[in-house]
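The primary structure of each chain is shown beneath.
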Amino acid sequence: MSNVFSFTGTVGRDAEVRTTPNGQTVLNVTVANNVGFGDRQQTIWVRVALWGKRAEGQLQNYLKKGQQVFVSGELTQREYQANDGTTKSSLELNANIIDLLGKRNEQGSVAQPQQNYQPKQQPAQADYPPADSYDDVPF
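Residues numbered from 1 in each chain as written. Predicted model: local features only at pLDDT ≥ 70, side-chain atom pairs only at ≥ 80, totals over all residues. Heavy atoms only, no water.

So, the pattern of salt bridges
It is possible for side chains of opposite charge to pair when their charged atoms get near one another.
Then step 1. One pass over the structure, following the stated rule, counts 3 salt bridges.
Then step 2. Of the charged contacts, one joins glutamate 92 and arginine 47 as a salt bridge, the two residues approaching to 3.7 Å between their closest N and O atoms. One end of the pair, glutamate 92, is in strand S6 (residues 87–101); the other, arginine 47, is in strand S4 (residues 42–51), and 45 residues separate them in sequence.
Then step 3. The salt bridge partner of lysine 53 is glutamate 56, with a shortest N-O separation of 3.9 Å. With lysine 53 and glutamate 56 both in helix H1 (residues 53–56) and 3 residues apart, this pair spans about one turn of that helix.
Then step 4. Looking at lysine 53, the relative accessible area reads 71%, which means it is exposed.
Then step 5. Using a relative accessible area of 45% as the deciding quantity, one classes glutamate 56 as partly exposed.
Then step 6. Residues participating in the shared-partner salt-bridge network are Arg47, Arg78 and Glu92. (Salt bridge = Lys/Arg side-chain N within 4 Å of Asp/Glu carboxyl O. Helix = DSSP H or I, 4+ residues; strand = E, 2+ residues; numbered from the N terminus. Buried < 20%, exposed > 50% of the residue type's maximum accessible area, 1.4 Å probe, protein only.)

Given below as structure tokens:
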């Protein structure tokens, strides 16, 4: 059975790279996804982990707060005890894919991907006979 979850969202804080005690490299980032609409819209936060060689590259430099991303991988839900003693849960995704969407500008906001928009050309006017000449049509 396959458990693949894919979504687009916005990075909530800059990515962090660390090394586990057994020597594995992991990149951690938190991504927000808005679901629903109107009064029922809510934000779901997903903790994303990217492991191994893919975590060692330069991706950390691009996963900054506000960056839009596409993420895909295996989703799990983990329960934990909060500092106040309550049981909470979090969604965690072991990522196979993290793709950047758009680009960030210097102010930290996300710019939309540029599209080469070309207005449609008007079709050439056909050389039709004037409308008053239709009376001469024999049918």
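Considerations on the side chain of serine 72
Then step 1. Assignment of secondary structure puts serine 72 in strand S5 (residues 68–81).
Then step 2. Overall, the relative accessible area of 7% leaves serine 72 in the buried class.
Then step 3. In this structure the side chain of serine 72 is engaged in a polar contact, spanning 2.7 Å, whose partner is the side chain of serine 6.
Then step 4. Residues within four places of serine 72 in sequence aside, it is in contact with Val4, Phe5, Ser6, Leu93, Ala95, Asn96 and Ile97. (Polar contact = N/O pair within 3.5 Å; in protein donor to acceptor, adjacent residues only side chain to side chain. Contact = heavy atoms within 4.5 Å.)

Describing the pairing of S6
Then step 1. Two strands pair when backbone bridges link them, and S4 and S6 are joined in this way by 4 bridges, in the parallel orientation. Within S6, the residue paired with valine 48 across the bridge is leucine 93.
Then step 2. Examined bridge by bridge, S5 and S6 share 14 bridges and lie antiparallel to one another. Its bridge partner lying in S6, glutamine 77 is registered against leucine 91.
Then step 3. Here S5 folds back onto S6, and the loop between the two strands holds 5 residues, one of which, glycine 85, carries a positive phi near 90°. (Pairing = 2+ DSSP bridges.)

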